[in-house]
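The primary structure of each chain is shown beneath.
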Amino acid sequence: MNTKKMLTDLSSLLLVFLGLLFFISLISFSQSDPSINHSVSGNVEIENWAGKVGAYTAGLMADLFGISSYVLALGIFGLAVSRSLPSFDVVRWRWLGLF
């Protein structure tokens, strides 16, 4: 098998899982979960579906990007699709809304 194709497929799969983790953790984001900017005392049940990693990821993304973090998660999916299926490659200018 072609090594370059295998690496492309593996990186696309990694991007799909990363986008899925971001999206699941953003959907189930809760203000009561611990994050980098929010400490919780005691034994608190984490409400995020992705667990502690999802709570910290969603908290960081919400603090840094706000509502546009959903667009970032979808952009990771789009990048994975464009890497694995070149026929569905989106022109980069269209991402910027220029053409």
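Residues numbered from 1 in each chain as written. Predicted model: local features only at pLDDT ≥ 70, side-chain atom pairs only at ≥ 80, totals over all residues. Heavy atoms only, no water.

Undergrad: Quick one: what's the story with the overall build of the chain, residue by residue and with numbers?
TA: Along the backbone of the chain there are four helices and zero strands. Traced from its N-terminal end to its C-terminal end, the chain shows the element sequence α-α-α-α. The buried share among the 99 residues of the chain stands at 24%. Within the chain, residue pairs in contact and separated by at least 24 positions form 54% of the contacts whose partners lie at least 6 positions apart. Counting only carbon and sulfur atoms, one obtains 67% of the accessible surface of the chain, whose full area is about 7100 Å². (Helix = DSSP H or I, 4+ residues; strand = E, 2+ residues; numbered from the N terminus. Buried < 20%, exposed > 50% of the residue type's maximum accessible area, 1.4 Å probe, protein only. Contact = heavy atoms within 4.5 Å. Areas by Shrake-Rupley, 256 points an atom, 1.4 Å probe, with all protein chains shown as cover.)

Undergrad: If you had to explain the packing of aromatic side chains to someone new, which residues and values would you point to?
TA: Going through the model one piece at a time under the given rule, you end up with one aromatic pair. Ring centres of F23 and Y70 lie 6.4 Å apart, and the angle between their planes is 80 degrees; this geometry places the pair in the edge-to-face category. Here F23 is found in helix α1 (residues 3-27), whereas its partner Y70 is found in helix α3 (residues 69-84), with 47 residues between them in sequence. With a relative accessible area of 28%, Y70 lands in the partly exposed category. (Phe/Tyr/Trp six-rings, centres within 6.5 Å; stacked < 30°, edge-to-face > 60°.)

Undergrad: Report on the pattern of salt bridges, specifying residues and quantitative values.
TA: Inspection of every chain in the model, using the stated rule, returns one salt bridge. When the shortest N-O distance is used, the salt bridge between K5 and D9 registers 3.3 Å. With K5 and D9 both in helix α1 and four residues apart, the pair spans about one turn of that helix. (Salt bridge = Lys/Arg side-chain N within 4 Å of Asp/Glu carboxyl O.)

Undergrad: Describe in detail the confidence of the model for the chain, supporting the description with residues and values.
TA: Per-residue confidence for the chain gives a mean pLDDT of 85; residues scoring 70 or more make up 85%. Confidence scores differ between elements of the chain, with helix α4 (residues 92-96) showing the lowest mean pLDDT of 60 and helix α2 (residues 51-65) the highest of 93. (pLDDT = per-residue confidence, 0-100.)

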